[in-house]
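Spelled out, the chains give:
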Amino acid sequence: MRGERLLFSDVSFTLNPGGFIQLTGPNGSGKTSLLRIVCGLMMPERGEVSWQGAHIRSLGEEYSRIITYLGHRNAVKEELSSLENLRISSGLAGCELTSAQAKQALSRVGLSGRENLPARFLSEGQRRRSAVARLITCNTALWILDEVLASLDHAATALIESIIGEHLSKGGMAIVATHQELHIPASSFQRLELEPVAAGSSAPLGLPS
């Protein structure tokens with residue numbers, strides 16, 4: 001629910017190692033809300049999210065350490081460089097990086113030579129690449145990504161797809177909200193489409209396919 005408005009209901013899915021879910025739907029259908037519920041940042045009105053049979057609320061920080069969440073905003077400090085942003089965000093997630101490790105990750109996402117520039121001097125696409133570098137340095141099982149391909153050109157999109165693909169090939173899992181068609185090999189692929197709920201309607205409109 002958002003205020004008095006029903007966003008979605010009767011949404012259910014299971015994700016196994018190597019599995020990938022693409023979350024789609026028009027603006028306002030509840031994609032970000034669903035991702036935040038999966039992360040444990042929001043509570044659903046009814047239902048629960050479980051990890052290996054346990055309710056995520058009972059797992060506390062243990063669950064936080066196995067997920068990486070990238071929201072539709074880049075979450076980078078404008079006055080800090082990409083190098084500083086990456087080392088700080090990784091440290092807060094429990095993964096301490098050396099300067100060399102951070103530079104290597106930033107180089108892979110195409111920011112070599114720009115790693116020491118304050119984020120305010122980067123384009124929107126470069127800021128997104130800076131945020132995406134967290135995926136390379138984290139060691140988490142579940143990636144939850146909200147419009148991670150926004151503001152990226154074709155080459156950068158292909159790079160992110162390959163990074164997600166590598167993660168899945170190692171037994172990782174990913175839930176990605178995006179309107180773009182993805183080309184990612186996965187042992188299991190699901191498309192979950194959220195449809196707007198008409199005013200006054202209580203019909204279940206989460207449509208897995």
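None of the values given here were measured: they were computed from a predicted structure. (Residues numbered from 1 in each chain as written. Predicted model: local features only at pLDDT ≥ 70, side-chain atom pairs only at ≥ 80, totals over all residues. Heavy atoms only, no water.)

### Topic: the pattern of salt bridges
Test applied: What makes a salt bridge here is a side-chain nitrogen of Lys or Arg within 4 Å of a carboxyl oxygen of Asp or Glu, nothing more. Where helices and strands are cited, they refer to DSSP runs of H or I of at least four residues and of E of at least two residues respectively, numbered from the N terminus. Each residue is placed in one exposure class: buried if its accessible area under a 1.4 Å probe, protein chains only, is under 20% of its type's maximum, exposed if it is over 50%, and partly exposed if it falls in between.
Tallying each qualifying case throughout the model produces 5 salt bridges. A salt bridge links arginine 108 to glutamate 166; its shortest N-O distance comes to 2.7 Å. Note that arginine 108 is positioned in helix H5 (residues 99-108) and glutamate 166 in helix H7 (residues 154-169), a separation of 58 residues in sequence. Owing to a relative accessible area of 33%, arginine 108 belongs among the partly exposed residues under this scheme. With its nearest N and O atoms 3.3 Å apart, the salt bridge here joins glutamate 181 to arginine 191. Here glutamate 181, found in the loop between strand E6 (173-177) and strand E7 (188-194), pairs with arginine 191, found in strand E7; they are 10 residues apart in sequence, far enough to count as distant.

### A short note on helix H4 (residues 82-92)
Which entries qualify depends on this criterion: Within this analysis, the arc is defined by the directions that extend from the helix axis to the C-beta atoms. Should any heavy atoms of two residues lie within 4.5 Å, those residues are counted as being in contact.
Among all positions of H4, only Ser82, Leu83, Asn85, Leu86 and Ser90 are buried. For H4, the angular spread of buried residues about the axis comes to 165°, placing them on one side. Buried residues belonging to H4 abut H5 and helix H6 (124-137). Where H4 terminates, the next one or two residues include glycine 94, which has phi positive at roughly 90°.

### Some details on the environment of leucine 192
Mapped onto the secondary structure, leucine 192 falls in strand E7. Separated by 161 residues in the primary sequence, leucine 192 and lysine 31 have C-alpha atoms spaced 9.7 Å apart.

### Here we look at H5
Of all the residues in H5, the buried ones are Ala102, Ala105 and Leu106. Down the axis of H5, the buried set is contained in an arc of 95°. They therefore lie on one face. Seen from the buried face of H5, the exposed residues on the opposite side, beyond 90 degrees, are Ala100 and Gln104. On the buried face of H5, the contacting elements are H4 and H6. Glycine 110 sits one or two positions beyond H5 and adopts a positive phi of about 90°.

### Some thoughts on the confidence of the model for the chain
The test is simple: Confidence of the predictor in every single residue is expressed as pLDDT, which spans 0 to 100.
Averaged over every residue, the pLDDT of the chain is 91; the share at 70 or more is 94%. Low pLDDT (under 50) marks residues 202-209, which in the prediction has 24 contacts with non-local residues, meaning those over four places away or in another chain.

### Some thoughts on the pairing of E6
The test is simple: At least two DSSP bridges between two strands are needed for those strands to be called paired. Handedness of a crossover: with both strands directed away from the viewer, a clockwise path from the first strand across the helix to the second marks it as right-handed.
Within E6, 5 of the 5 residues are buried, which leaves the element mostly enclosed by the surrounding structure. Of the two faces of E6, the one holding Met173, Ile175 and Ala177 and the one holding Ala174 and Val176 are both buried throughout. Sheet topology places strand E5 (residues 142-146) next to E6; 5 bridges connect them, and they run parallel. Residue pairing in the sheet places leucine 145 in a bridge with valine 176 of E6. Read as a crossover between parallel neighbours, the route from E5 over H7 to E6 is right-handed.

### Some words on the environment of glutamate 181
To be explicit about the condition: Each polar contact in these results corresponds to two N or O atoms within 3.5 Å; when the atoms are within protein, one needs to be able to donate a hydrogen and the other to accept it, and residues that are neighboring in sequence are counted only if both atoms are side-chain atoms.
Along the sequence, glutamate 181 and arginine 108 sit 73 residues apart, while their C-alpha atoms lie 23 Å from each other. Aside from chain neighbours lying at most four places away, what touches glutamate 181 is Glu161 and Arg191. In this structure the side chain of glutamate 181 is engaged in a polar contact, spanning 3.3 Å, whose partner is the side chain of arginine 191.

### Concerning the nonpolar core
Note the following rule: Throughout, nonpolar core names a set of buried Ala, Val, Leu, Ile, Met, Phe, Trp, Tyr and Cys residues whose side chains join them through atoms within 4.5 Å.
The biggest cluster of nonpolar side chains holds 29 residues, and the ones touching the most others in it are Trp143, Leu145, Val148, Ile160, Ile164 and Val176. Taken together, the elements giving at least two residues each to this core come down to H4, H5, H6, E5, H7 and E6. Considering each element in turn, this core owes the most residues, 6 residues, to H7. If near-sequence neighbours (up to four positions away) are discounted, valine 148 is found in contact with Leu70, Arg128, Val132, Ile160, Val176 and Ala177.

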